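Chain by chain, the residues:
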Amino acid sequence: MGLFKKDPLQVIVFQSYGTSSHLYVRGRALEDESIDLEGKHPIKLLINAYKRFETDEIRNTTLLLKLPNGRIFETVTDDKGYFLVDFNIEGLDELTNEEGWLSFELAYKDFTNTRVIQLENRFPGEMLIPSEQISFGVASDIDDTILHTGLVSILKWRVIYNTFLKRASKRSPLEGAAEFYHQLHRGKSGEEANPIFYVSHSPWNMYRYLEFFLKKNNFPKGPILLRDFGNFLNRKKNAEKPQKQREILNILKTYPELKLILIGDSGERDADIYLEIAELYPDRILAIYLRSVKHKKKMFRVKSLYENYKTVPVLLVNSSKEAIEHARENGFIA
């Protein structure tokens with residue numbers, strides 16, 4: 001908090017997913033540090049990056065969630081400002097739009113007389129409830145799958161540069177990725193609303209940055225699933241399943257009839273994670289697309305991993321055009 005003047009309060013609501021009978025919303029209550037996602041000067045970019053990770057959380061505070069039908073639910077933030085609204089309630093699908101999005105508002109229950117609150121204390125949020133008429137869903141990585149990041153660069157210097165010294169509006173999507181995702185979203189009929197789940201190892205501190213990037217580059221709207229910064233810093237090999245893997249498994253558990261297409265890259269652990277998921281759910285994984293990366297050793301390892309694998313169609317993708325042709329041949333898109 002500032003020494004002389006406290007920043008206004010805000011609530012960042014993460015786009016989530018649920019069902020017609022399960023309200024599931026996550027987000028975070030923070031002081032508004034006025035991060036400028038369009039800032040151009042290198043010093044400004046560094047300041048913005050610092051603000052994203054040096055957050056002033058609003059801890060142990062009651063928030064109210066209001067549905068379009070007037071029903072209100074309470075939740076309390078934890079010691080890092082995160083909150084979870086998790087209730088079983090029937091008829092939520094009756095409140096969604098044609099794409100399956102349920103809109104609602106979050107608000108601080110208290111503070112009205114002691115702190116300035118942004119947006120007149122009405123913070124919009126959305127939860128996706130996929131239609132039963134969809135053909136499949138897509139679970140996609142972000143880094144080096146749709147966004148040039150540089151995870152395979154020496155000493156990760158490209159990751160550092162891209163994250164801290166490039167504004168979101170200047171980050172480059174991989175060529176043709178947005179078009180491919182829109183075709184998957186529309187499906188074979190061209191009129192579907194197949195859900196797109198963006199799953200990344202990035203911390204929640206990057207949520208607005210990534211949300212801005214996806215909107216700016218015209219990717220289909222979908223839940224952005226990240227992880228707590230503390231877990232990001234304290235990664236332990238073999239301690240538990242990677243967060244990305246747990247999120248995808250939870251999607252499969254949440255929607256027992258949903259089939260998935262998995263999209264990632266060949267640079268990090270996507271190949272291993274997706275293979276294990278496909279072995280667990282061979283009848284529900286329609287295809288695996290892995291973006292090729294410029295790293296001979298990693299590409300050799302991935303090719304060896306899938307060399308004799310025949311259970312689920314796998315394509316090592318050099319361009320979006322290749323993925324589009326494969327998806328069309330397999331009846332996923334028109």
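Residues numbered from 1 in each chain as written. Predicted model: local features only at pLDDT ≥ 70, side-chain atom pairs only at ≥ 80, totals over all residues. Heavy atoms only, no water.

Structural notes on the overall build of the protein chain
Scanning the protein chain for helices and strands turns up 9 helices and 14 strands. Per-residue burial for the protein chain yields a buried fraction of 52% across its 334 residues. For the protein chain, the exposed area adds up to about 17,200 Å²; of that, 50% sits on carbon and sulfur atoms. (Helix = DSSP H or I, 4+ residues; strand = E, 2+ residues; numbered from the N terminus. Buried < 20%, exposed > 50% of the residue type's maximum accessible area, 1.4 Å probe, protein only. Areas by Shrake-Rupley, 256 points an atom, 1.4 Å probe, with all protein chains shown as cover.)

Quick word on the sheet that holds strand E10 (residues 196-203)
Within the open sheet, the 6 strands sit side by side as E11-E10-E9-E12-E13-E14. Their pairing is parallel. Each edge of the open sheet is held by one strand with a lone partner, namely strand E11 (224-227) and strand E14 (314-317). Taking each pair of neighbouring strands and ignoring which way they run, the sheet shows an average axis angle of 20°. (Pairing = 2+ DSSP bridges. Axes fitted to C-alpha atoms, helices over the stretch in contact; angles between N-to-C directions.)

Points about the nonpolar core
Of all hydrophobic cores here, the largest spans 38 residues; its most connected members are Ile146, Phe180, Leu184, Tyr198, Phe219, Tyr289 and Phe332. Judged by nonpolar contacts, the second largest core, of 28 residues, contains Trp101, Leu225, Ile248 and Ile288. (Core = buried A, V, L, I, M, F, W, Y, C linked by side-chain atoms within 4.5 Å.)

Regarding the sheet that holds strand E3 (residues 22-31)
Across a sheet, strands are paired by hydrogen bonds formed along the backbone, either parallel or antiparallel in direction. Strand order across the open sheet formed by 3 strands is E1-E3-E6, with antiparallel pairing between neighbours. Sheet topology places strand E1 (9-14) and strand E6 (82-88) at the edges, where each strand pairs with a single neighbour. Taking the axes of each pair of neighbouring strands and ignoring which way they run, one obtains an average angle of 25° across the sheet. Pairing of E3 with E6 involves 7 bridges; the strand directions are antiparallel. Directly across from Arg28, in E6, lies its bridge partner Tyr82.

Here's the deal with the environment of Leu225
Mapped onto the elements of the fold, Leu225 is located in strand E11. The spacing of Leu225 and Ser16 is 209 residues in sequence and 7.8 Å in space, taken between C-alpha atoms. Contact partners of Leu225, with chain neighbours within four places excluded, come to Tyr17, Arg26, Phe197, Tyr198, Val199, Ser200, Trp204, Gln243, Glu247 and Ile251. (Contact = heavy atoms within 4.5 Å.)

Thoughts on the confidence of the model for the protein chain
When pLDDT is averaged along the protein chain, the result is 85, and 81% of the positions lie at 70 or above. Of the regions scoring below 50 in pLDDT, residues 150-157 engages in 18 contacts with residues more than four places distant in sequence or in other chains. With pLDDT under 50 throughout, residues 231-239 is counted as low confidence; its partners more than four residues away or in other chains account for 4 contacts. (pLDDT = per-residue confidence, 0-100.)

Comments concerning a negative patch on the surface
Taken together, the side chains of Glu90, Asp93, Glu94 and Glu132 make up a negatively charged region of the molecular surface. Within the secondary structure layout, Glu94 lies in the loop between E6 and strand E7 (101-108). (Patch = residues over 30% accessible without salt bridge, like charges linked within 9 Å, V, L, I, M, F, W, Y side chains within 5 Å. Salt bridge = Lys/Arg side-chain N within 4 Å of Asp/Glu carboxyl O. Lys, Arg positive; Asp, Glu negative; His and termini not counted. Charge placed at Lys NZ, Arg CZ, Asp CG, Glu CD.)

Topic: the packing of helix H6 (residues 243-254) against helix H7 (residues 270-280)
It is at 10 Å that the axes of H6 and H7 come closest, and there the two elements cross at 30°. Judged on the interaxial angle alone, H7 and H6 are roughly parallel. Along this stretch, H6 crosses H7, giving a crossing that reads as right-handed. Between H6 and H7, the contacting residues are Lys244, Gln245, Ile248, Leu249 and Leu252 on the first element and Asp270, Ile273, Tyr274, Glu276, Ile277 and Leu280 on the second. (Parallel < 35°, antiparallel > 145°, perpendicular 65-115°, else oblique. Left-handed = near helix turned anticlockwise from the far one by under 90°.)

Focus: the packing of aromatic side chains
The geometry of two aromatic rings is summed up by the distance between their centres and the angle between their planes. Applying the stated criterion to the full structure yields 15 aromatic pairs. Measuring from ring centre to ring centre gives 4.9 Å for Phe73 and Phe87, while their planes differ by 40°; the resulting arrangement is tilted. A residue pair is termed long-range when its members are at least 10 positions apart, and Phe73 in strand E5 (residues 72-76) and Phe87 in strand E6 qualify at 14 residues. Considering the side-chain rings of Tyr181 and Phe219, the 5.7 Å spacing of their centres and the 85° angle between planes classify their relative orientation as edge-to-face. Separated by 38 residues along the polypeptide, Tyr181 in helix H3 (residues 177-186) and Phe219 in the loop between helix H4 (207-216) and E11 bring together distant segments of the chain. (Phe/Tyr/Trp six-rings, centres within 6.5 Å; stacked < 30°, edge-to-face > 60°.)

Concerning the packing of H3 against helix H9 (residues 320-329)
Interaxial distance between H3 and H9 falls to 9 Å at its minimum, and their mutual angle equals 15°. With respect to their mutual orientation, H3 and H9 come out roughly parallel. Every pair of crossing elements has a handedness; the one defined by H3 and H9 is left-handed. Listed contacts from H9 to Ala177, Glu179, Phe180, Gln183 and Leu184 of H3 are Ser320, Ala323, Ile324, Ala327 and Arg328.

Some remarks on H3
Taking burial as the measure, the 10 residues of H3 include 8 buried ones, the bulk of the element. Those residues of H3 that sit buried are Ala177, Ala178, Phe180, Tyr181, His182, Gln183, Leu184 and His185. Elements that come into contact with the buried residues of H3 comprise strand E9 (137-140), E10, strand E12 (260-265), strand E13 (285-291) and H9. One or two positions beyond H3, positive phi appears at Gly187, with a value near 70°.

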